[in-house]
Amino acid sequence: MDRNSNIRKGTLEVIIMSRGKDKEKVFQIKWKTDLPYRYSMGKLSVQFFKELKENKKLHGSKCPKCGKVYFPPRAVCADCMVEMTRLIELYDTGTLVGFTVVNYPFVDPQTGGLRPFPYGYGLFKLDGVDTYTMHFIDEVDPAKLRVGMRVKAVFKEEREGNLGDIPYYEIIKEEPKPKKVEKMVENIEEKVFRGRIKVPYKHVAGAYVERFITEIGKNNKIMGVKCPKCGKVYVPPKMICFNCFEKMDEWVEVSNQGSVKGFTVVTHSTPVMPLDPPFAYALITLDGSNTEIVHIIKESDPKKLKPGMRVEAVFKDKPRKRITDIEYFRPI
Amino acid sequence: MDKVAIVGIAQTKYEADKIDQTYSELVFEVVKKLMDGLGITKDDIGSVVTSSNDFNDGRTIADMAIQDAVGSIGKSESRVSGDGAFAYIYGAMRILSEYYDTVMVVSHCKCSEGDQYLINNSIFDPFYQRALGLDQISAAGLMANMYVNKYGITEEQAAKVVLKNRKNALNNPYAHLQEAVTIEDVLFSPMIAYPLKELDLPPLSDGAVAMLLTKEEIAKKFTDSPVWLMGYGSCTDAYYLGHRTMTDLIGLEYAAKEAYKMAGINDPIREIDVAEVYDLFSYHELMSYEALGFCGKGEGGNFIESGETEMTGNTPVNPSGGVLSSNPTMANGLIRVAEIALQLMGKANKRQIPNAKVGLANGMNGICSQGNCVLIFGNDGGV
Amino acid sequence: MAKHDVAIVGIGQTKHRSKRRDVNIPEMIYEAVKMALDDVQLAPADIDAVIIGNMDHFEGINFSEMWCGIDAAPGYLKPVVKVATGGTTGSSLAICGYHNVASGMYNKVLIVGWEKLQEGGATTGIITAFDPVWERPSLAGALGPLALMASMYQHKYGITAEQAARVTVKNRRNAANNPFAHLKMPDLTVEDVMKSQTISHPLRLHDCCPQSEGACAVIYANEEETKNITDNPAWIQAVETAHYYTFGTDDAMYNLPTATMASKKAYKKVGITDPVKDLDVAEIYEPTSWSELAWTEALGFCKFGEGGKLLDEGITQMSGELPVNPSGGVLSTNPIGATALIRVAEAAIQVMGRGDKRQIPDVEKSLAMGFGGSLWTEILILGKEPLR
């Protein structure tokens, strides 16, 4: 079964993704999230994957009190609130209890890209286990699948010690069951699962953000809005004055220059910083605004910065529809 | 006010990397400790309120990972996505509404599994702030510097907070950082976000905390020294950094005023015997003294120099070592509550403040005290 | 402070759509909030606390309540808290609000549920809700497990695809009476559903709920405040939740045991012995058409296996003895963080008699259901009188 073919982008995606009527261009701010995680797997899972990689064997955990056998193995029996510390070897066969064929496109958060489809997906009861489990099956024609069919785990030749070592379960004819063996957990090195939450977000900007970002990009103009009730000018602009809870409709142009209200100089480096540290973050009151804008001052020496000093916006040559189209502020 | 009691508490040791525990195992550790300590089973627990954060855990619906560990089968478990102190008050409300007799509140957090900079950067909105690369530390630097510029607080005064809390942590077997520091250590540590140096900032920790709340009528079945809720207040400052009041913690101030009113407290430093405040960074504790009304505006530096907040002072602050010693971010607020409860139960061992009858704990959500929850507790002698 | 009675007094919703191109997140939420405040002519300052929720990874914003509670709701200098439990977020918000008022801590509380799904993608977000080591590699969002549940349900009871299709026809035709619903299809036929593409066997496109963007806001008040606000509130009589194991597959849950557990507790509290007779309308959380059939059984509306029969006998139609989802249900509108709250809002609208074209006559008691997570259920029962 070749699940890597068949990525269809045609009619199906259109139906699901755009149930709205028109498809005119909408002003969006994009943000590609890529959060790395080091998920602790726990001793039982670590031992499970070691046995899977080295011996092509499946294991579950068994509650010492009620005897329930769980797959996947986990540390707590929820019924008894008792810790499970022993793995029990399982058969690699089971029975199909439910099935489907996934036939729609979606982004896999682990990779940030589309997962290949269609693919068969089944719910099985592995022999000797009291819980159910879901995994891939090697059949994409639902007419060929039936509840009650027998399935067997297929193991990759080259295994890495993760769930991908079982690419899918295959449909088989009945097989005699081998003998069960109980195994104690041994002391082995701790391990983690390196996962990601990788999602390309597209945030609709709305009229206020759109105008602000467009004006700084196209015309190097900084705009704000004024609250009809309290008269405060907000830069950058937004729809609601949070103090009065009123909609703000009056647009005001403010100066590109202003005074520093407060600042800090950062030295730590992170993947999302627009400049290489050290540089300063500051709250700046632009002339004509009543609120401060938070932004960057390209200055690395805190002794050269002080509240009240005057700064001026420096605009990016090639605007990219972001707040950083004001690249930074510089002292004047 | 109807009464709701804390009758039992359990904490894990806070440390940098609990690599061999899944969230389920981490939470089960405290839940089991709590149940065994009280001699109860999951059937004695009417409902569960948990606190966790999806970005931190790398899992949407982060409480799904701990269902087995908190014994949710057939039961009501709900989750506050935020600091544990807010989960405490929600648990208390479930008892005060007379819907449940017992509620277990659990908060867990592992800073070791994710990238804290990216996780905190995600708190900022994608339109005007996130692309600047802001995170909790840069916002803390901004706040600290503006506080210093307004009131003239010195770095030595801020360093005294670190000294005090790190020394206090030596008495707390659960605390993550178990090493005292000197003023020089703090002043000469590397500059991270001016004026904050490395030791002005907290560590990153893993850990969990759980407690059992009960209604008044059955509290004495579980413990001889129940801890009663006397006051509560909650308040949220503005969101965009340019709209925040950066020189004073106004959210904390308003929340404290509400809590004092409910508890009937008119003179905080005389009536409160011990406080566990959320010291996100050194200057933050000084700002908290002012916001909580322990001293006047701008007097935070003088106040710590007076020794009032030392273990031997009149209003000891953070005998546990505070966040500067243990920082499992989402659990911090509930840890503050747990530590005050231990104080009022007389079970704080080496960090016990003698005769503590009334205590204050506070929790924080968002960036640098945007969201605040202040809780006042009293034991039988204090209410 | 003794226990207080809690009423829903004001309601606001956006017109739910697949993609709101005209507003950003706080602007969208503001529409619902403003509508709720105007509904009861309360000023923003009159709200004591804001409880707001969505699913973080769907829009990629951490502590979203710190932003939206201030810029879209009257949360400035007030308590703002987020409760987020996946699909049950809306009902968890509703239940949290209930305890906030019933405990006496607050008198008037604003509850907001929202989601702007297209900014990230629901399936991708849902995958991140599951175990990264064991479940995510093969999981296809919520539709995969829901398809498996339908497959098992079909096998066990012989329910047909046509019976399931009739659920979609009922709900999307009902939606045509609901000005806020996303998919209004007054002319949908069983044939249309059967001809639609198979998304995940046996689920066809029209067996599945849409991905919507929208917000719902509800205002609660205690018995004293309600007197000053409205003479037509909907009183919350019971709030029950049932959770289950961590892994959604630990039990074969096509018959949703948590729905049976939660509804039994709720019925007992309110004194309901025969839900079909004692309830006048139900807003249940049906992510697929098959789910509605299975869950009417789990909720005790009929015997196990007879969900199809219940529908075919017309009991759950608008004109039946216990209409289910006159609003169009989740099959018509699904902004996930708001969906369960919309069930509560719609159940309240029915009790208040404000349902216009979707109003069921003479509603005294209604049921609202939330569903999500590793197959959890939350039940709220609303009535014309507080429970005494």
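The rules we used
- Residues numbered from 1 in each chain as written.
- Chains lettered and ligands numbered in written order.
- Predicted model: local features only at pLDDT ≥ 70, side-chain atom pairs only at ≥ 80, totals over all residues.
- Helix = DSSP H or I, 4+ residues; strand = E, 2+ residues; numbered from the N terminus.
- Rg over C-alpha atoms; globule rule 2.2 N^0.38 Å.
- Buried ≥ 20, exposed ≤ 12 C-beta atoms within 10 Å, placed from the backbone.
- Contact = placed C-beta atoms within 7 Å.
- Pairing = 2+ DSSP bridges.
- Axes fitted to C-alpha atoms, helices over the stretch in contact; angles between N-to-C directions.
- Nonpolar A, V, L, I, M, F, W, Y, C, P; charged D, E, K, R; others polar.
- Expected span 1.5 Å × (residues − 1).
- Bend = angle between axes of the 7 residues up to and from the residue.
- Core = buried A, V, L, I, M, F, W, Y, C linked by C-beta atoms within 7 Å.
- Domains from an automatic or database assignment.
- Parallel < 35°, antiparallel > 145°, perpendicular 65-115°, else oblique.
- pLDDT = per-residue confidence, 0-100.

1. A word on the overall build of chain C
- Along its length, chain C carries 15 helices and 11 strands.
- On C-alpha atoms alone, chain C measures out to a radius of gyration of 19 Å, which is about the 21 Å that the 2.2 N^0.38 rule sets for 388 residues.
- With the principal axes as the frame, chain C shows a C-alpha extent of 55 × 45 × 40 Å.
- Residues classed as buried in chain C amount to 75% of the 388 residues present.
- Residue pairs in contact within chain C that sit at least 24 positions apart in sequence constitute 77% of those at least 6 positions apart.

2. Thoughts on the overall build of chain A
- For chain A, the helix and strand inventory stands at three helices and 25 strands.
- Burial analysis of chain A (332 residues in total) assigns 41% to the buried set.

3. So, unusual backbone geometry
- Of note, the bond from A:Val235 into A:Pro236 is cis; its omega dihedral lies within 30 degrees of zero at 0 degrees.
- The step from B:Tyr194 to B:Pro195 runs through a cis peptide bond, and the omega angle for that step is 5 degrees.
- Looking at the element boundaries, B:Pro195 is found in the loop between β5 (191-193) and β6 (196-197).
- The phi angle at A:Phe245 is positive, at roughly 60 degrees, despite the residue not being glycine.
- Structurally, A:Phe245 can be placed in the loop between β18 (240-241) and β19 (246-247).
- Note on A:Phe245: 22 C-beta atoms within 10 Å, which makes it buried.
- Its identity is not glycine, yet B:Cys368 carries a phi of approximately 45 degrees, on the positive side.
- Note on placement: B:Cys368 falls in the loop between β10 (358-365) and β11 (371-378).

4. Section: helix α12 (residues 289-298) of chain C
- Within α12(C), 10 of the 10 residues are buried, leaving the element largely enclosed by the surrounding structure.
- Buried positions along α12(C) lie against α6 (143-157), α7 (161-175), α10 (257-270), α13 (307-312) and α14 (329-332) of chain C.

5. Description of the sheet that holds β10(B)
Residues and elements named next belong to chain B.
- Taken together, the nine strands give an open sheet; going across it, the order is β3-β2-β4-β7-β1-β8-β11-β10-β9, and neighbouring strands pair in mixed fashion. Strands with a single pairing partner mark the edges of an open sheet, and in this sheet they are β3 (76-81) and β9 (274-276). Neighbour-to-neighbour, the strand axes of the sheet open up by a mean angle of 25 degrees, direction not taken into account.
- Across the sheet, helix α4 (residues 84-96) is in contact with β1 (4-11), β2 (47-52), β3, β4 (102-110), β7 (206-215), β8 (227-236), β10 and β11; its angle to β2 comes to roughly 160 degrees.
- Lying on the sheet, helix α14 (residues 332-345) is in contact with β1, β2, β4, β7, β8, β9, β10 and β11; it crosses β10 at an angle near 175 degrees.

6. So, the interface of chain A and chain B
- The partner chain B presents 48 residues to the 52 residues of chain A that form the contact.
- Among the elements that take part in the side of chain A that touches chain B, strand β1 (residues 28-40) of chain A stands out by supplying eight residues, more than any other.
- Residue composition of the side of chain A that touches chain B, grouped by class: 32 nonpolar, 12 polar and eight charged.

7. Focus: helix α15 (residues 336-352) of chain C
Residues and elements named next belong to chain C.
- Between the first and last C-alpha of α15 there are 25 Å, a value that for 17 residues agrees with the 24 Å anticipated at 1.5 Å per step.
- Most pronounced at Ile342, the bend in α15 amounts to some 25 degrees.
- Among the 17 residues of α15, 17 are classified as buried, and the element is accordingly described as predominantly covered.
- Looking one or two residues beyond α15, the residue adopting positive phi is Gly353, at roughly 75 degrees.

8. So, the interface of chain B and chain C
- With 47 residues of chain B at the interface, the matching set in chain C holds 50 residues.
- Listed by contribution, the elements that provide at least two residues to the side of chain B that touches chain C are α2 (54-57), α3 (67-70), β3, α4 and β8 of chain B.
- It is β3(B) that contributes the most residues to the side of chain B that touches chain C, six residues altogether.
- Residues of the side of chain B that touches chain C, tallied by class, amount to 18 nonpolar, 18 polar and 11 charged.

9. Details of the nonpolar core
- Counting residues in each nonpolar core, the largest one holds 391 residues, and the members touching the most others are B:Ala341, B:Leu375, C:Ile29, C:Val112 and C:Val218.
- When residues of this core are sorted by domain, at least three fall in each of domain 1 (36-198) and domain 2 (202-331) of chain A.
- Excluding residues within four positions of it along the chain, B:Ala341 makes contact with B:Ile6, B:Ile9, B:Met211, B:Val227 and B:Phe377.
- B:Tyr14, B:Ala169, B:Tyr174 and B:Leu177 belong to the second-largest nonpolar core, a separate cluster that totals five residues.

10. Topic: the domain arrangement of chain A
- We note that the domain assignment places domain 1 (36-198) and domain 2 (202-331) within chain A.
- Computed from C-alpha atoms alone, the centre-to-centre distance between domain 1 of chain A and domain 2 of chain A is 51 Å.

11. Let's talk about the sheet that holds strand β20 (residues 250-254) of chain A
All names here are of chain A.
- Pairing within the open sheet is antiparallel, and its three strands lie in the order β17-β16-β20. Every interior strand has two partners, whereas the edge strands, β17 (233-234) and β20, have only one.
- When strand β16 (residues 222-226) meets β17, the two strands line up antiparallel, connected through two bridges. Directly across from Lys226, in β17, lies its bridge partner Val233.

12. Digging into the packing of α7(C) against α12(C)
Residues and elements named next belong to chain C.
- Running from N to C, α7 and α12 cross one another at 100 degrees; their axes reach a closest spacing of 7 Å. By the criterion of interaxial angle, the relationship of α7 to α12 is roughly perpendicular. Every residue of α12 that contacts α7 at Gln163, Ala164, Ala165, Val167 and Thr168 is listed here: Ser289, Trp290, Glu292 and Leu293.
- Across the contact of α7 with α12, the residue classes tally to five nonpolar, three polar and one charged.

13. Structural notes on the confidence of the model for chain C
- The share of residues in chain C with pLDDT of 70 or more is 99%, and the mean pLDDT across the chain is 95.
- Note on the complex model: pTM 0.94, ipTM 0.96.

14. Overview of the environment of B:Val358
Residue and element names in this part refer to chain B.
- Among the structural elements, Val358 can be located in strand β10.
- Once the C-alpha coordinates of Val358 and Ala341 are considered, the two residues, 17 residues apart in sequence, prove to be 9.6 Å apart.
- Residue contacts for Val358: discarding those within four places in its chain leaves Glu271, Ile272, Asp273, Ile376, Gly378 and Gly382.

15. Section: the packing of α4(B) against α14(B)
- Interaxial distance between α4(B) and α14(B) falls to 5 Å at its minimum, and their mutual angle equals 65 degrees. Taking contact as the criterion, the partners of B:Gly84, B:Ala85, B:Phe86, B:Ala87 and B:Tyr88 in α4(B) are, on α14(B), B:Gly333, B:Leu334, B:Arg336 and B:Val337.

16. Description of the pairing of β4(B)
Residues and elements named next belong to chain B.
- β4 sits mainly inside the fold: nine of its nine residues count as buried.
- Alternating residues of β4 divide into Thr102, Met104, Val106, His108 and Lys110 and Val103, Val105, Ser107 and Cys109, and every residue in both groups is buried.
- Pairing of β2 with β4 involves five bridges; the strand directions are parallel. Bridge assignment links Ser47 to a residue of β4, and that residue is Val103.
- Alignment of β4 against β7, held across nine bridges, turns out to be antiparallel.

17. Points about the environment of C:Leu93
All names here are of chain C.
- Its location among the elements puts Leu93 in helix α4 (residues 89-102).
- Between the C-alpha atom of Leu93 and that of Pro79, which follows or precedes it by 14 residues, the distance is 14 Å.
- Contacts of Leu93, omitting those with residues within four sequence positions, involve Ile51, Gly53, Val83, Ile111, Gly113 and Leu341.

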